[in-house]
Each structure stands twice: as C-alpha cells, then as structure tokens.
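# Report on the structure
If you want the building blocks of each chain, they are given just below.
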Amino acid sequence: AQSVTQLGSHVSVSEGALVLLRCNYSSSVPPYLFWYVQYPNQGLQLLLKYTSAATLVKGINGFEAEFKKSETSFHLTKPSAHMSDAAEYFCAVTNQAGTALIFGKGTTLSVSS
Amino acid sequence: NAGVTQTPKFRILKIGQSMTLQCTQDMNHNYMYWYRQDPGMGLKLIYYSVGAGITDKGEVPNGYNVSRSTTEDFPLRLELAAPSQTSVYFCASSGHAPTYEQYFGPGTRLTVT
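Quick look at the structure, then. Sequence order sets the numbering: in each chain, residues are counted from 1 along the sequence as written. Lettering for chains starts from A, numbering for ligands starts from 1, and both go in the order in which the items are written. Totals for whole chains, interfaces and linings use every residue, but because this is a predicted model, local features are given only for residues with pLDDT of at least 70 and side-chain atom pairs only at 80 or more, for both listing and counting. Calculation of side-chain values draws on the structure's entire complement of heavy atoms; hydrogens and water are dropped beforehand.

## Structural notes on the overall build of chain B
The cut-off we apply is this: Here a helix means four or more residues in a row that DSSP labels H or I, a strand means two or more in a row labelled E, and each is numbered from the N terminus. Under the scheme applied here, a residue whose accessible area is under 20% of the maximum for its type counts as buried, over 50% as exposed, and between as partly exposed, the area being computed with a 1.4 Å probe on protein chains only. Note on definitions: a residue-residue contact is assigned when non-hydrogen atoms from the two residues lie within 4.5 Å. Each accessible area value is a Shrake-Rupley result obtained with a 1.4 Å probe; residue values ignore everything except the protein chains displayed when judging cover. Counted as positive: Lys and Arg. Counted as negative: Asp and Glu. His and the chain ends are not counted at all. By convention, charge coordinates are those of NZ in Lys, CZ in Arg, CG in Asp, or CD in Glu.
Scanning chain B for helices and strands turns up zero helices and eleven strands. Each helix and strand of chain B, placed in order from N terminus to C terminus, yields the pattern β-β-β-β-β-β-β-β-β-β-β. Expressed as lengths along the three principal axes of its C-alpha atoms, the size of chain B is roughly 35 × 30 × 25 Å. A total of 113 residues make up chain B; the buried ones form 46% of that total. For chain B, long-range pairs separated by at least 24 residues make up 55% of all intrachain contacts whose partners lie at least 6 apart in sequence. Taken as a whole, chain B presents about 5300 Å² of accessible surface, with 52% of it coming from carbon and sulfur. The centroid of the 9 positive side-chain charges in chain B is displaced by 10 Å from the centroid of its 8 negative side-chain charges.

## A few points about the packing of aromatic side chains
The line we're drawing: Working definition: a ring pair exists when centres of Phe, Tyr or Trp rings (six-membered ring for Trp) sit within 6.5 Å. Plane angles under 30 degrees give stacked, over 60 give edge-to-face, the rest tilted. Either the NZ atom of lysine or the CZ atom of arginine qualifies as a charge over a ring when it sits within 6 Å of the ring centre and within 35 degrees of the ring normal.
Tallied over the entire structure, the rule returns 15 aromatic pairs over all chains. Here Tyr50(A) and Phe67(A) contribute two aromatic rings whose centre-to-centre distance is 4.1 Å and whose plane-to-plane angle is 15°, an arrangement assigned as stacked. With Tyr50(A) in strand β5 (residues 44-50) and Phe67(A) in strand β7 (residues 64-68), this residue pair connects regions lying 17 residues apart in the sequence. In this structure, Tyr50(A) and Phe67(A) share a single accessibility class: buried. Measuring from centroid to centroid gives 6.5 Å for Tyr33(B) and Tyr48(B), while their planes differ by 25°, and the two rings are stacked. Here Tyr33(B), found in strand β4 (residues 31-37), pairs with Tyr48(B), found in strand β5 (residues 43-51); they are 15 residues apart in sequence, far enough to count as distant. When its relative accessible area of 0% is taken as the criterion, Tyr33(B) is described as buried. Given the relative accessible area of 11%, Tyr48(B) is considered buried. Site record: aromatic cluster; members linked through ring pairs are Phe34(A), Tyr36(A), Phe90(A), Phe103(A), Tyr31(B), Tyr33(B), Tyr35(B), Tyr48(B) and Phe104(B). Looking at Arg68(B), its charged tip hangs above the ring of Phe74(B), at a distance of 5.9 Å from the centre.

## Quick look at the pairing of strand β2 (residues 10-14) of chain A
All names here are of chain A. Using the following cut-off: When DSSP finds two or more bridges between two strands, those strands count as paired.
Of the two faces of β2, the one holding Val11 and Val13 is buried and the one holding His10, Ser12 and Ser14 is not buried anywhere. Where β2 meets strand β11 (residues 107-112), five bridges bridge the pair, whose relative direction is parallel. Looking at β11, one finds that valine 13 is bridged to valine 111.

## Considerations on the state of the cysteines
Note on terminology: a disulfide is the covalent bond linking the sulfur atoms of two cysteines. All names here are of chain A. Counted only if it meets this: By definition, disulfides here are pairs of cysteine sulfur atoms that lie within 2.5 Å.
For the structure on display, the rule yields two disulfides over all chains. What pairs with cysteine 23 in a disulfide is cysteine 91, and their sulfur atoms sit 2.0 Å apart. Across the disulfide from cysteine 23 to cysteine 91, rotation about the S-S bond amounts to roughly -65°, and the bridge is consequently left-handed. Taken together, the positions of cysteine 23 in strand β3 (residues 19-26) and cysteine 91 in strand β9 (residues 87-94) put the pair 68 residues apart, joining distant regions of the chain.

## Considering the interface of chain A and chain B
Convention followed: As a working definition, buried area equals the accessible area (1.4 Å probe) given up by two parts on being put together, with both sides summed. Criterion for a salt bridge: a side-chain nitrogen of Lys or Arg within 4 Å of a carboxyl oxygen of Asp or Glu. Pairing of N or O atoms within 3.5 Å defines a polar contact, subject to two protein rules: one partner must be a possible hydrogen donor and the other a possible acceptor, and residues neighboring in sequence count only if both atoms are side-chain atoms. Under the grouping applied here, Gly and all other residues not named as nonpolar or charged are polar, the nonpolar ones being Ala, Val, Leu, Ile, Met, Phe, Trp, Tyr, Cys and Pro and the charged ones Asp, Glu, Lys and Arg.
Taken residue by residue, the interface counts 21 residues in chain A and 21 residues in chain B. Approximately 1600 Å² of surface area, both sides summed, lies buried where chain A meets chain B, with 59% of it carried by carbon and sulfur atoms. Contact with chain B buries surface across chain A, with Thr99(A), Phe103(A) and Lys105(A) losing the most and accounting together for 30% of the total. Inspection of the chain A/chain B interface yields zero salt bridges. At the surface where chain A touches chain B, the tally comes to two residue pairs in polar contact (both at pLDDT 80 or more). Looking at the side of chain A that touches chain B, the elements with two or more residues in it are β4 (33-38), β5, β9 and β10 (101-103) of chain A. Looking at the side of chain A that touches chain B, its residues break down into nine nonpolar, nine polar and three charged.

See below:
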C-alpha cells in the first residue's frame, strides 16, 4: 500500500541556513511524489512534483527535491532559508489506483532571524 | 479566474445538525476532492470524483455524503454532525489524474459543539 512518512513534525532553522525536510515513501507501483506548502490560514500550494522524468526536481521559491529509489526518499531542500519560508510542508504520493493523493502528516518549518 | 472557491469560511454546528459545504471550480477540471485536515494528522481524503455523476469514497467517508451533478460543483454534506467532525475541510481539483497539480480552495473551518 502507498504511504508517506515525514520525519520530524517541526524543523527550526536560522535565516540563511540550509533547509532539509525529510520524506520517505512506500509504494507498490512506480510513485508520483509531490511537495506542497501551506501558509497559515490558506490552502495548499504545489511546490514541486516528481513524475519519473528527472530524479532532481526543481520547484518554486528555490526549493528542490531528489528522488532516491534505493532509499525510498524524496527529501526537500533549499540552500538558504528565508523568513517567508516559514510554513507547513506536506509530502504526498499517488495512491495505487492513481486517482488520489496520500499525504504525510506534515512538517512545520520555523525560520528565525 | 477564481480557481477553487469554498463557502462558508467558518461554521459552528450543534451536535446532530446537518450542513452542506460548497465547493466550486472554474477551471473545467474533471477531478475533484474533499479532504479534512486535523492538527498533526496531515490531510485525509473523504471523497473524490473523476467527473460529473461519478463519486467514490476515500479514506474517511463515514458521516459524509457527496454529489457531482455538474463539472463545476462538488458539495460535501454532513448529516448528524458529531464533535469528531470538527476539522478544517479543503476542496481541491485537478485537470487530470493526481499526477498533475491539485489546486486547493482556502478551506472551511468547522466546529461541532
């Protein structure tokens, strides 16, 4: 069955520091993987997605993620955090039927000055 | 182009009352979804639809009903509200299968007391 595990419910970094948000997946079929961001009191917005074209995926706002099949991981990174990156981040995988997404529990990113 | 709109933004219900959460999209998307978001639990799929007249259950459908009479609208009905249905509800749509981007509405915050 498909599932997603996000390691760390809360990550804190200083402004300018590297951001690393971890996501591991389980999938019985080749997965499609996504990272979404949610700012306070808003809906979710797509950051980036992996659909088997390239293992290193670049998204909006300077974020990128690397698909590693051997590690079943899809970690999200950004070289230099900005205060505006403070939000909740969700990793997601398509379900086996390909009809819906299965979300992880989310990681809240805090950025301090 | 308003995207995905949801009404109401906030609602307080008494136990046993019923209500309908409205969702409309103006992007001519075939796929529509209802999720609930609880703190620390990520998003759980309630129901989804792959086109007008076609709906299917997601992970947590109990206590909810949906209909899809038009491409644009996908209302979620709560019958006999219970405190366990206190949550934030998000509607989303996608032009194709969820391998493509899902566009989210701003959410409805529901409290059942």
